[in-house]
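Residues per chain are reported as follows:
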Amino acid sequence: MIYLITGGERSGKSTYAQNLALQLSDSPMYVATARKWDSDFQNRIDRHQQERDERWTNIEKEKYISEIDFSDKVTLIDCVTLWLTNFFVDNKNNVESSLEEAKKEFLSIANQENATLIIVTNEIGMGVHAATEIGRKFTELQGWMNQFLASKADEVVLMVSGIPVKIKG
């Protein structure tokens, strides 16, 4: 089962996803995709880790999530935007290479036996048009990956102002 939770910044995606994971399992796995860019980002990571209690198994994986065994587990992957950023930076802002790598990684985990995946992503293309070329390229990458993930997901929920709106499933 694949759940995709999408929405804008501070729309309630992560809280909704964490609550869903705890409804589905007494001991879910949390895969954090953030790269530690600076001390401010480390503080954000620390705050998010403190929000999860002993029921969670926490794994940090910047890119190669296919190295994780998801079989027979409920796993929350948070988030696609940070995960894609890692591909995008490492591929020198090449949208096609980044998208190809990310799709390959996702497909390698999507078919693991009895895996329940809850994937958090951002709808970054619904806001202001990016001011830079790199920003516009990343917005395209995010949009294409979101479409791909939504096509593979069993259920898609759009979070709007903390309210879940089921759009697929």
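Residues numbered from 1 in each chain as written. Predicted model: local features only at pLDDT ≥ 70, side-chain atom pairs only at ≥ 80, totals over all residues. Heavy atoms only, no water.

Thoughts on the overall build of the protein
- Per the secondary structure count, the protein includes 5 helices and 7 strands.
- Starting at the N terminus and walking to the C terminus, you meet the elements of the protein as β-α-β-α-β-β-α-α-β-α-β-β.
- For the protein, the spread of C-alpha atoms along the three principal axes comes to 45 × 35 × 35 Å.
- The buried share among the 169 residues of the protein stands at 44%.
- Counted over contacts in the protein with a minimum sequence separation of 6, partners at least 24 positions apart contribute 74%. (Helix = DSSP H or I, 4+ residues; strand = E, 2+ residues; numbered from the N terminus. Buried < 20%, exposed > 50% of the residue type's maximum accessible area, 1.4 Å probe, protein only. Contact = heavy atoms within 4.5 Å.)

Details of the packing of helix α3 (residues 80-90) against helix α4 (residues 95-110)
- Between α3 and α4, the least distance of the axes is 8 Å, while the angle of their chain directions is 130°. Taken together, α3 and α4 sit at an angle that is classed as oblique. For α3 against α4, the interelement crossing comes out right-handed. For the pair α3 and α4, the contacting residues are Trp83, Leu84, Phe87 and Phe88 in the first and Val95, Ser98, Glu101, Ala102, Glu105 and Phe106 in the second.
- Here the residues of the contact of α3 with α4 are counted per class, giving 7 nonpolar, 1 polar and 2 charged. (Axes fitted to C-alpha atoms, helices over the stretch in contact; angles between N-to-C directions. Parallel < 35°, antiparallel > 145°, perpendicular 65-115°, else oblique. Left-handed = near helix turned anticlockwise from the far one by under 90°. Nonpolar A, V, L, I, M, F, W, Y, C, P; charged D, E, K, R; others polar.)

Notes on the sheet that holds strand β2 (residues 29-32)
- Pairing within the open sheet is mixed, and its 7 strands lie in the order β3-β2-β4-β5-β1-β6-β7. Edge positions in the open sheet fall to β3 (57-60) and β7 (163-168), since each of these has one partner strand only. The mean inter-strand angle of the sheet, taken between neighbouring strand axes irrespective of direction, is 20°.
- Inspection of the sheet shows β2 paired to strand β4 (residues 74-78) by 4 bridges, in the parallel sense. The residue of β4 that forms the bridge with Tyr30 is Leu76.
- In the packing of helix α5 (residues 133-152) onto the sheet, contacts are made with β1 (2-7), β5 (116-120), β6 (155-160) and β7, and the angle to β1 comes to roughly 145°. (Pairing = 2+ DSSP bridges.)

Description of the nonpolar core
- By size, the foremost hydrophobic cluster in this structure holds 29 residues, and its most contacted members are Phe70, Phe106, Ile119 and Met145.
- Within the residue set of this core, elements represented by two or more residues are β1, β2, α3, α4, β5 and α5.
- Among the elements that take part in this core, α4 stands out by supplying 6 residues, more than any other.
- Beyond its immediate stretch of four places on either side in the chain, Ile119 contacts Ile2, Tyr3, Leu4, Ile5, Ile77, Val80, Phe106 and Leu149.
- Core analysis: the second largest hydrophobic core is formed by 15 residues, Ile5, Trp56, Leu76 and Cys79 among them. (Core = buried A, V, L, I, M, F, W, Y, C linked by side-chain atoms within 4.5 Å.)

By themselves, these figures tell us nothing about what the structure is for.
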